[in-house]
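Summary of structural features
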Amino acid sequence: MHTSEKQYDAVIVGSGPNGLSAAIVLARAGLSVVVLEARSIIGGGTRSAELTMPGFVHDMGSAIHPLAAGSPLFRSLPLAEHGLEWIYPPVAAAHPLDGGKTALLIGSVADTARTLGADEATYLKLMEPIVEHWSTLAPDLLGPLRFPKHPIDLALFGLDALPPATYLASRFKTTEARALLAGMAAHAIQPLTNLTTSAIALVLMAAGHQRGWPMPKGGSQQIANALASYLRSMGGEIQTDRTVRTLADIPKTRVVLFDLTPKQILSIAGDRFSTLYRKQLENYRYGPGIFKVDWALDGPIPFTNADCQRAGTIHLGGTLEEIVTAEQQTYDGKHPDRPYVLLAQQSRFDPTRAPEGKHTAWAYCHVPNGSTVDMTTQIEGQLERFAPGFRDLILAKHTMNTAQVEDWNPNYVGGDINGGIIDIGQLFTRPTISLTPYRTSEAGMFICSSATPPGGGVHGMCGYHAARVVLRDSFGKAIPVTLATT
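Cut-offs used in this document
Residues numbered from 1 in each chain as written. Predicted model: local features only at pLDDT ≥ 70, side-chain atom pairs only at ≥ 80, totals over all residues. Heavy atoms only, no water. Buried < 20%, exposed > 50% of the residue type's maximum accessible area, 1.4 Å probe, protein only. Helix = DSSP H or I, 4+ residues; strand = E, 2+ residues; numbered from the N terminus. Pairing = 2+ DSSP bridges. Arc of directions from axis to C-beta. Contact = heavy atoms within 4.5 Å. Axes fitted to C-alpha atoms, helices over the stretch in contact; angles between N-to-C directions. Core = buried A, V, L, I, M, F, W, Y, C linked by side-chain atoms within 4.5 Å. Polar contact = N/O pair within 3.5 Å; in protein donor to acceptor, adjacent residues only side chain to side chain.

Bringing the pairing of strand β12 (residues 311-316) into the picture now. Most of β12 sits inside the fold, with six of its six residues counted as buried. Relative to β12, strand β6 (residues 91-96) runs parallel, the two being bridged by three bridges. Bridge pairing in β12 places A94 opposite I314. The pairing of β12 with strand β13 (residues 341-344) spans four bridges and is antiparallel. By the bridge assignment for β13, H315 is matched with L342.

Glancing now at helix α11 (residues 262-269). Listing the buried residues of α11 in full gives P262, Q264, I265, I268 and A269. Along α11, the residues classed as buried sweep out an arc of 160° about the axis, all on the same side. Against the buried residues of α11 lie β10 (253-258), α12 (275-282) and β16 (445-447).

This part covers the sheet that holds β6. The strands making up a sheet are joined through hydrogen bonds of the backbone, oriented either antiparallel or parallel. The mixed open sheet is built from seven strands, whose spatial order is β7-β6-β12-β13-β14-β11-β15. Of all strands in the sheet, those with a lone pairing partner are β7 (102-105) and β15 (394-400), marking the two edges. When the angles between neighbouring strand axes are averaged without regard to direction, this sheet yields 20°. Direction of pairing for β6 relative to β7: antiparallel, over a ladder of four bridges. Counted as the bridge partner of H95 is A103 from β7.

Moving on, we come to helix α14 (residues 376-386). Within α14, eight of the 11 residues are buried, which leaves the element mostly enclosed by the surrounding structure. Listed in full, the buried residues belonging to α14 are T376, Q378, I379, E380, Q382, L383, R385 and F386.

Now for the sheet that holds strand β9 (residues 237-239). Read across the open sheet, the five strands follow the order β9-β2-β1-β10-β16; overall the sheet is parallel. The sheet is open, and its two borders are formed by β9 and β16, each paired with just one other strand. In this sheet, adjacent strand axes meet at a mean angle of 20° when their direction is disregarded. In the sheet, strand β1 (residues 8-13) pairs with β10 via five bridges, with the strands oriented parallel. When the sheet's bridge partners are listed, V11 is paired in β10 with V256. Sheet strands touched by helix α1 (residues 17-28): β1, β2 (33-36), β9 and β10. Its angle to β2, the strand with the most contacts, is close to 170°.

For the rest of this paragraph, the subject is the pairing of β6. The element β6 is largely enclosed, with a buried count of six among its six residues. Following β6, the chain reverses through five residues before pairing antiparallel with β7; G99 in that reversal takes a positive phi of roughly 95°.

Quick look at the nonpolar core now. Within the largest apolar cluster, 102 residues are counted, with the highest numbers of intra-cluster contacts made by L26, M127 and L257. Discounting chain neighbours no more than four positions away, the residues touching L26 are A10, I12, L31, V33, L257, A467, V470 and L471. Counting residues in each nonpolar core, the second largest holds 27 residues, with F291, L316, M375 and F390 among its members.

Attention shifts here to the environment of K477. Its location among the elements puts K477 in the segment after α16 (461-475). Since its relative accessible area comes to 37%, K477 is described here as partly exposed. Considering only alpha carbons, one finds K477 and L26, 451 residues apart in sequence, at a separation of 9.9 Å. Apart from residues lying up to four places away in sequence, K477 is in contact with A29, L31, L471 and R472. Among the polar contacts listed, one links the side chain of K477 to the backbone oxygen of A29, at a separation of 3.3 Å.

Keep in mind that these numbers describe shape and distance, not what the molecule does.
What follows is the structure, given as structure tokens:
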């Protein structure tokens, strides 16, 4: 590490939400902190830019943020005072089906249940206890493996969450309810027959009933900007265009936290780790990637079902059976003709995203890790299926395959936006089997990225938990942030 520069208590490598969150927690504890960002713009996966045409603001990575709005850390920080404003579409998520029917995640548990016909009682029985106990469940679900503070609540949640989504879906009778669950579970980016895929669905639905599925006004970049503004208000520093290739690129510091995944950490500091720890990082597994498309549009997407026009997020994949098949094919290295597509239509609710009368749209589908196959035709085919005439509105488009996604954000290895597959083998034991996975084998080096629990998503909790370990291990300090619980 450099000896000629200013010395810090902590250096954070990477300015994604987790890196910025870790820096905030450490700065609030009175430490001198600097964040090093290789790019000229901060934010990691929460960056926005005019990708297609002037005046059209597109989210380059994440777009809709149920976990951010409900994050115990973010809600404990004064981010609104630093420019972050949430916009809540009236429908959190819609899932259209052939024939015009649409499943909806909307309002309270009872509101959604009422739309599910014969499955109303089943949905109420499943979701009401989770939402009711969310304030006690969230700290255990959004943290490392440990003895839970509320073991009974967590055990009851686990009965529904640990099985595969296909098993949980068997409790529902209607095509709509089964499709709604499948669309939620497919956020796991793995076969829906895998254990714990139900957990992903339940967490996302509970978050929707608790806080909705909002978007940041002006683009996801505003999340990073608000975190950075708050960090700077406490004296924290951020340096952009600071690529870290070796430890010699890091200023003199007592500790360093990597908001990076194992692949990048090994290239920077692998020779400093024990043989066993290095081997564990080398064995860390990445999952399927994404192919992403952003469009500038001449008008709003003409969905056949009007409820889709009120939703910020649309899951395009058809029935449970179709989504199960598509996700399995992707996991097996194939490219489905009818992929599961996640779509966001921010400009319907945020007029800052496009010129007056014009619109943006954001979408991706899952593809095999490292794929360079262009999936634009397949993605647009799913849109045409549920919104005939969509292609006629396209003014311009921007695409990214997995190699381009990784080049844009090196944490997305092979296009894996979760920073490593979140299956049963890496749900809590990421990146290694450890009760304190934020530590490395080298004293003073820690990991705070989505490669640690609780994994992918914009919530900052990986950074929070890593900072907590750093304060205890290296500075003998208690955590200075009281998490929001309601």
